[in-house]
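Here's the letter readout for the chains.
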Amino acid sequence: QVQLVESGGGLVQPGGSLTLSCAASISIFSIDSMGWYRQAPGKQRELVATRTSGGSTTYTNSVKGRFTISRDNAKNTVYLQMNSLNAEDTAVYYCRADRYSSAVSTYWGQGTQVTVSS
């Protein structure tokens with residue numbers, strides 16, 4: 001089992017920045033992929049950014065150039081640096097971890113609310 005705890009959400013004005021953190025209960029070296037997803041009211045959960053253990057990153061088009069996913073191996077933590085936030089970024093942000101063996105095991109955090117509003 002992998003437990004994920006997100007933090008860092010909150011209320012921010014348009015154009016502002018936030019950094020989300022996701023702390024894993026195990027060494028992230030043993031996690032094959034970690035990422036951030038978000039779900040806005042009335043919408044499906046969508047991928048925001050992912051980072052594999054090999055360092056490959058993926059971003060959804062709407063956040064490219066504004067968001068950056070990174071990790072701190074010593075802290076078993078993945079971050080999402082979000083800049084130039086706008087109202088469309090308002091959502092609950094979830095951390096996800098995937099471990100690959102004979103099957104994929106997927107784990108989710110509890111979510112953290114990000115609200116972009118003036």
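Described below are features of the structure shown in this document. Keep in mind the model is a prediction, meaning the values are calculated, not measured.

A word on the sheet that holds strand β3 (residues 18-24). With respect to topology, 4 strands assemble into an open sheet ordered β1-β3-β8-β7, the strand pairing being antiparallel. A single partner strand is all that each edge strand has here, and the edge strands are β1 (4-7) and β7 (67-72). If you compare each strand with its neighbour and ignore which way they point, the axes differ by 15° on average. Judged from the 6 bridges that link them, β7 and strand β8 (residues 77-82) form a sheet pairing that is antiparallel. Paired with D72 across the strands is T77, a residue of β8.

This part covers the side chain of R71. Residue position: R71 is located in strand β7. With no salt bridge to any partner, buried R71 finds its closest opposite charge in D72, at an N-O distance of 8.3 Å. Excluding its chain neighbours within four sequence positions, the residues that come into contact with R71 are I28, F29, R51, T52, S53, T77, V78 and Y79.

As defined by bridge partners, strand β4 (residues 33-39) adjoins strand β5 (residues 46-52) across 6 bridges and the pair is classed as antiparallel. Residue pairing across strands places R38 opposite E46, the latter belonging to β5. Once β4 ends, the chain turns through 6 residues before running back antiparallel as β5, passing G42 with a positive phi of about 75°. Linking two consecutive strands that pair antiparallel, namely β5 and strand β6 (residues 57-59), is a turn of 4 residues; a positive phi of about 100° is found at G55 within it.

Looking at where Y100 falls in the secondary structure, it is placed in strand β9 (residues 91-100). Taking relative accessible area as the criterion, Y100 reaches 47% and is therefore assigned partly exposed. The spatial distance from the C-alpha of Y100 to the C-alpha of N61 is 26 Å, given a sequence separation of 39 residues. In this view, Y100 contacts D32 and S33; residues no more than four positions away in its chain are not counted.

Turning our attention to the nonpolar core. Counting 30 residues, the largest nonpolar core has L4, M34, W36, L80, M82 and Y93 as its most contacted members. At the level of elements, β3, β4, β5, β7, β8, β9 and β11 (112-116) are the ones that each hand at least two residues to this core. Apart from residues lying up to four places away in sequence, L4 is in contact with C22, A23, A24, M34, C95, R96, A97, Y107, W108, G109 and Q110.

Right, let's get into the environment of Y59. Tracing the backbone shows Y59 in strand β6. Along the chain, Y59 and Y37 lie 22 residues apart, while their C-alpha atoms are 10 Å from each other. With residues near it in sequence (within four places) discarded, Y59 still touches V48, A49, K64, F67, T68 and I69. From its side chain, Y59 meets the backbone nitrogen of I69 in a polar contact 2.9 Å long.

Cut-off values and rules
- Residues numbered from 1 in each chain as written.
- Predicted model: local features only at pLDDT ≥ 70, side-chain atom pairs only at ≥ 80, totals over all residues.
- Heavy atoms only, no water.
- Pairing = 2+ DSSP bridges.
- Helix = DSSP H or I, 4+ residues; strand = E, 2+ residues; numbered from the N terminus.
- Axes fitted to C-alpha atoms, helices over the stretch in contact; angles between N-to-C directions.
- Buried < 20%, exposed > 50% of the residue type's maximum accessible area, 1.4 Å probe, protein only.
- Lys, Arg positive; Asp, Glu negative; His and termini not counted.
- Salt bridge = Lys/Arg side-chain N within 4 Å of Asp/Glu carboxyl O.
- Contact = heavy atoms within 4.5 Å.
- Core = buried A, V, L, I, M, F, W, Y, C linked by side-chain atoms within 4.5 Å.
- Polar contact = N/O pair within 3.5 Å; in protein donor to acceptor, adjacent residues only side chain to side chain.

The quantities given are spatial measurements derived from coordinates; they are silent on function.
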